[in-house]
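# Fold and contact review
Here are the chains, one letter per residue:
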Amino acid sequence: MIRNLARWLAHSSKWFARKNIAQTNPQVLERGWYEISVREITDQTKLLLVTQESRQTHFSLGQPVSGVKKRKLKVTEKATLQLRGPGKIVSIALISSLAGRLLSTGRLFIQDNRTTQTNIRLAKRLLFGDGQIVNHTLNMIADAELDLFFKLKQLLKNLQRPKVKVAVLGFNKLNDAEAWHQLDYVLLSDEPVTLHAATEHSFNYYLDKLSQATRPAFVYSDHINSRGEVFAKPDLNLPFLYCADYVGPALFVSTSFLKQISIETIRDRLTLFHIFRRLASDRPYDIAHIPQLLLCSDGQVVNARTTAPLPWPLITQHTDDNGICKLTGDVPSPAPFVSIIIPSRDNTALLKRCIESILALTQYPEFEIIIVDNHSQTEEALRYFDSLHHSHITVLRYPHPFNYSAINNFAVHHARGDYIALLNDDIEVKTHNWLNDLMAWAAQENVGAVGAKLFYPDGRIQHAGLTIGMGHAAGHTHRFEDGETCGYLGRLCSTQQVKAVTAACLVVEKHKFNLVNGLDEREFAIAYNDVDLCLKLDKLGYQNILCVEAELIHYESVSRGSDLEPEKQQRYRRELKKLQRKWHTRGYTDPFFSPLLPPHSETVIAPTIELTAFSETPN
């Protein structure tokens, strides 16, 4: 391919030399990149572009030159070029087509990183330029496209790196340095394990993508067992690691890392897991995940139980009656004041159940309930609001068209709490500690939004975190699954980091809520406002958390009906397109999900595949 590219460059240089446009002043230019050559300029000489709408753009030519001065211009719409001041236009060369062809060829080259040394030399000539045509063209590429150029340069650098060498090693051979000192990574396992034939190739590809000066100490991959069952894992998820050993029965360890520590501390898979988890807390950049099936093993995972301090204040670990590790929260001291905001309209029965469950079960000491009446009309609703004489409850009137984002922003403005709990009026509290557990996470400095585990009235899962990119938008992972099970990889029993949580029950510090300008009442009045809020927090570096210890019942959308009702379809599609455009959710792979899992199904069912691609470890 690169040989053909070199042949094309030779042809293009001739094409470039003759692609000059006949000169007149003024000259009509179509869209594209141009190189303008002007003779005998002064400091008063300028180029002027005038569009069909009479918009004018001036381009300076710099210092006076007696000879020929060249200036590159990007023309974004049809315009007239004029020369103002002394000088004469010698030539106008159209070069954008060449830039586009070079970029297209470069993209093809990026996709093929199995390049021979001969092709590397040819590609170097392309990128580092011993030909005038290349230099001219690269100067014309827009800033967005320069990223491609640097990727090509990085790829060439990666192609010349020594290849990573990987092999399986038993824990009993760690003391024998001769067994691993010539390797880059060893796959440590207590159980028999085989590697995929393409393991070393995948290592090289993914480690090159990391663009780190040093290779990570630990690498884990997805794996398969002898029955063909796939274990598709998320990227590093620290809270999840303290609930379950989701990384699997074997870990790739850098031999350079092994040389830095005492080998005697690694006795078996359990001690290795504790070292891995401690490093994940202290140096998360030293952990990498390769989302490919690189190994086959029937080994068992270890218990995530630890007696060491957890990396979060207020969070403690305990094991329930079924041996499952749970993360529970202590109430901060002093307890921050929480404002629970509940919008409602003519929905007395559900709202009453919601309020009564909060007052009866909530053990958190400092909170208020703000009910936002969105223009209720029924006598039953109005009588209920008038009857609410409770020191914890305030009723605000919002007599405007329904806009979920605007209603909640309005209430936040009136809230006395340092923390905000957004709650639907079709929610019913199930546990005493629901707000304690949510607040223990929301009070963490690096945490943004915290969501709860929500159930349908029949016990099935309604919400256990939102996966971005599911259905090209955002989906409820494990929706409709049995709430008594732990789900895929134990997710339904594990508190974990997620990209987003539903605002049906969402706790966030008011300062952080205001920092991202709250809910977007213009673009996401009804749907996806919670997703947008969480992604704005995520963009600022805050972690969004699903707290499975907080359990509530959600009578989903009873109060306002379904978004799929015919009259609401148009609004829903409009807000969906806005989400896709703003957050690029179409085709997005959520790092806390997996590209190996079905991207359009909220029910998580891992595929089963053949084992023919697996072989003994390559050496």
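All residue numbers refer to positions counted from 1 along the written sequence of the respective chain. Thresholds applied to this predicted model are a pLDDT of at least 70 for local features of residues and 80 or more for the giving and counting of side-chain atom pairs; totals over whole chains, interfaces and linings are not thresholded and use all residues. Note that the side-chain values use all heavy atoms of the structure and ignore hydrogens as well as water.

### Here's the deal with the confidence of the model for the protein chain
- Here the protein chain shows a mean pLDDT of 82. Residues at 70 or above account for 81%.
- Confidence scores labelled pLDDT are given residue by residue by the predictor and lie between 0 and 100. Note on definitions: a residue-residue contact is assigned when non-hydrogen atoms from the two residues lie within 4.5 Å. Scored below 50 in pLDDT, residues 96–105 shows 21 contacts in the model against residues more than four places distant or in partner chains.
- In this model residues 107–145 is a low-confidence stretch, pLDDT under 50, and it forms 77 contacts with partners more than four residues away in sequence or in other chains.

### Thoughts on helix 16 (residues 569–583)
- In this model, helix 16 (15 residues) spans 21 Å end to end at C-alpha, consistent with the 21 Å of a helix rising 1.5 Å per residue.
- Within helix 16, the full set of buried residues consists of Arg571, Glu575, Leu576, Lys578, Leu579, Gln580 and Trp583.
- Positive backbone phi, approximately 55°, marks histidine 584, located one or two places after helix 16. Only DSSP runs of H or I covering at least 4 residues are called helices, and only runs of E covering at least 2 are called strands; the numbering of each starts at the N terminus. Any helix carries an expected span of 1.5 Å times its number of residues minus one. Whether a residue is buried, partly exposed or exposed follows from its accessible area with a 1.4 Å probe, protein chains only, as a fraction of its type maximum: under 20%, in between, or over 50%, in that order.

### Some points on the sheet that holds strand 7 (residues 79–84)
- Any two strands with at least two DSSP-identified bridges between them are counted as paired. Reading across the sheet, the 4 strands line up as 2-7-4-5 and stay open at both edges, with antiparallel pairing between neighbours. Strand pairing shows two members of the sheet lacking a second neighbour, strand 2 (27–29) and strand 5 (56–60), which therefore form its edges. Averaged over all adjacent pairs, the angle separating strand axes in this sheet is 30°, with direction ignored.
- Where strand 4 (residues 46–51) meets strand 5, 5 bridges bridge the pair, whose relative direction is antiparallel. Looking at strand 5, one finds that leucine 49 is bridged to threonine 57. For helices, the fitted axis covers only the stretch in contact; all axes are lines through C-alpha atoms, and the angles between them, taken along N-to-C directions, range from 0 to 180 degrees.

### Notes on the packing of aromatic side chains
- Aromatic rings from Phe, Tyr and Trp, with only the six-membered ring used for Trp, were paired whenever their centres fell within 6.5 Å, and each pair was classed as stacked if the ring planes differed by under 30 degrees, edge-to-face if by over 60, and tilted otherwise. All told, the structure shown has 13 aromatic pairs when counted by the stated rule.
- An aromatic cluster is defined as three or more aromatic residues linked by ring pairs; in this entry it consists of Phe218, Tyr220, Phe240, Tyr246, Phe257 and Phe276.
- Two conditions define a charge sitting above a ring: the NZ of Lys or the CZ of Arg must be within 6 Å of the ring centre, and it must be within 35 degrees of the ring normal. Across the ring face of tyrosine 242, the terminal group of arginine 277 is positioned such that the distance to the ring centre comes to 4.3 Å.
- The ring of phenylalanine 455 carries the charged tip of lysine 430 above its face, separated from the ring centre by 4.3 Å.

### Topic: the nonpolar core
- Membership of the largest hydrophobic core comes to 78 residues, with the highest contact counts inside it found for Phe218 and Ile340.
- In terms of residue count, the dominant contributor to this core is helix 13 (residues 434–442) (7 residues).
- When sequence neighbours within four positions are dropped, the list of residues in contact with phenylalanine 218 reads Leu251, Phe252, Val253, Phe257, Leu272, Ile275, Phe276, Leu279, Asp286, Ile287 and Ala288.
- In plain words, nonpolar cores are sets of buried Ala, Val, Leu, Ile, Met, Phe, Trp, Tyr and Cys residues tied together by side-chain atoms within 4.5 Å. By size, the runner-up hydrophobic cluster in this structure holds 45 residues, among which are Ala449, Ile468, Leu492 and Val548.

### Observations regarding the pattern of salt bridges
- When a carboxyl oxygen of Asp or Glu lies within 4 Å of a side-chain nitrogen of Lys or Arg, that pair is called a salt bridge. A complete count under the given rule lists 17 salt bridges for this structure.
- Arginine 283 serves as the salt-bridge partner of aspartate 286, at 2.4 Å between the closest nitrogen and oxygen.
- A relative accessible area of 29% means that arginine 283 is categorised as partly exposed.
- Members of the salt-bridge network, linked through shared partners, are Asp373, Asp386 and Arg397.

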